[in-house]
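# Coordinate inspection notes
Below are the chains, spelled out letter by letter.
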Amino acid sequence: MEPNNNPDISPFSMFCLKTLSPLTAQRSPGMPMDIDSPFTTTESTPQTNPARFTLFDQNSAIQGKKCTCKCRKTFCLKLYCDCFANGEYCIGCGCMECKNLPEYESERRESITQIMDRNPEAFRRTQPVTTRSCNCKRSGCKKKYCECYGNGFMCNPFCKCEGCLNIPG
DNA sequence: GAGTTTGAAACT
DNA sequence: CAGTTTCAAACTC
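So, a few notes on the structure that sits alongside this text. (Residues numbered from 1 in each chain as written. Chains lettered and ligands numbered in written order. Predicted model: local features only at pLDDT ≥ 70, side-chain atom pairs only at ≥ 80, totals over all residues. Heavy atoms only, no water.)

### Some points on the state of the cysteines
Put simply, the rule is: Cysteine sulfur pairs qualify as disulfides if the two atoms are within 2.5 Å. When a residue's accessible area, from a 1.4 Å probe over protein chains only, is under 20% of the maximum for its type it is buried; when over 50% it is exposed; and in between it is partly exposed.
This model, assessed by the stated rule, comprises zero disulfides. Between C76, a free cysteine, and C69, which holds the nearest cysteine sulfur, the sulfur-to-sulfur gap is 3.7 Å. Look at C76 and you get buried, because its relative accessible area is 0%. This cysteine, C136, is not joined by any disulfide, and C146 carries the nearest cysteine sulfur, 3.7 Å off.

Here it is as structure tokens:
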């Protein structure tokens, strides 16, 4: 009778119960995002401003948020690296053996290609934050381990989390 | 600051 | 594609 107090109900059910917002509103087909090419720096776009750490064009870049990773083993060329995942170069990070830098552009491209080949929407910047989902098991989606909670959003019908407490209500 | 926990990403 | 491993961040002490 009080669904918002039941932590065992799935986020999907809860979402439907509490909001019933139109799902289609979250993914409009003509979404103005360059989904197929999140890293738009090509030879046709000379890097006149190498000091910038964003990889995306200025309009789509995540502004005002400087990532500072501490990656040690991945050369900052995997999605483990927040900077890389967000399409930013590592500048001023505490990472080791970083290759997420303009001077390693070829290796970066190679990694990007590999990741995109596996999942064309892998790069977070291509997904609206609000449509991301989580698979949390132990955090109750109430810690920043949770992608949804960490981004300041409720869990959504696409989440597969267990014992979710990050629910509208 | 060191060690533990967590869940996404990567791998098999 | 499911299960396992690796990874780096979040968290705890």
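So that's the structure; there's more coming.
### Quick look at the protein's contact with DNA strand B
Here is the rule: Residues are labelled near a given molecule or strand when at least one of their non-hydrogen atoms is within 4 Å of it. Between N or O atoms, a polar contact is any pair within 3.5 Å; within protein, one atom must be a potential hydrogen donor and the other a potential acceptor, and residues adjacent in sequence are included only when both atoms are from side chains. Polar here means any residue other than Ala, Val, Leu, Ile, Met, Phe, Trp, Tyr, Cys and Pro, which are nonpolar, and Asp, Glu, Lys and Arg, which are charged; Gly is therefore polar.
Not every one of the 14 residues close to DNA strand B is listed here, only the nearest: K78, Y80, N135, R138 and S139. The sugar and phosphate moieties of DNA strand B supply 83% of its atoms located within 4 Å of the protein. One nitrogen or oxygen atom from the side chain of R138 is found 2.7 Å from a phosphate oxygen belonging to DNA strand B. Between a base oxygen of DNA strand B and a side-chain N or O atom of Y145, the distance comes to 3.2 Å. Residue composition of the surface near DNA strand B, grouped by class: six nonpolar, two polar and six charged.

### So, the environment of L77
Quick note on the threshold: Here a strand is any run of E in DSSP of at least two residues, a helix any run of H or I of at least four, and the numbering for each starts at the N terminus. When checking whether two residues touch, look at their non-hydrogen atoms; a contact exists if any pair is within 4.5 Å.
Within the secondary structure, L77 is located in the loop between α1 (11-18) and α2 (82-85). On the accessibility criterion, L77 (8% relative accessible area) is buried. Separated by 34 residues in the primary sequence, L77 and S111 have C-alpha atoms spaced 6.2 Å apart. The residues touching L77, leaving out its near neighbours within four places in the chain, are F84, K99, N100, E107, R108, S111 and I115.

### Structural notes on the pattern of salt bridges
Selection criterion: The rule for a salt bridge is simple: a side-chain nitrogen of Lys or Arg has to be within 4 Å of a carboxyl oxygen of Asp or Glu.
In this structure the tally under the stated criterion is three salt bridges. The residue K99 makes a salt bridge to E107 at a minimum N-O spacing of 2.9 Å. Between E105 and R108 there is a salt bridge whose closest N-O contact spans 2.5 Å. Residue E105 and its partner R108 are located together in helix α3 (residues 105-118), separated by three residues, close to a single helical turn. Exposure remark for E105: the relative accessible area of 16% places this residue in the buried category. The structure contains a network of salt bridges with shared partners spanning E105, R108 and R109.

### Points about the nonpolar core
For clarity, the cut-off: By nonpolar core is meant a set of buried Ala, Val, Leu, Ile, Met, Phe, Trp, Tyr and Cys residues that side-chain atoms within 4.5 Å join together.
If you look at the biggest cluster of nonpolar residues, it comprises 18 residues, and the most contacted ones within it are C69, C76, C81, C83, F84, C90 and C95. Sorting the residues of this core by element identifies α2 and α3 as the ones contributing at least two each. Judged by nonpolar contacts, the second largest core, of ten residues, contains C146, C148, C159 and C164.

Any link to function would need more than the numbers given here.
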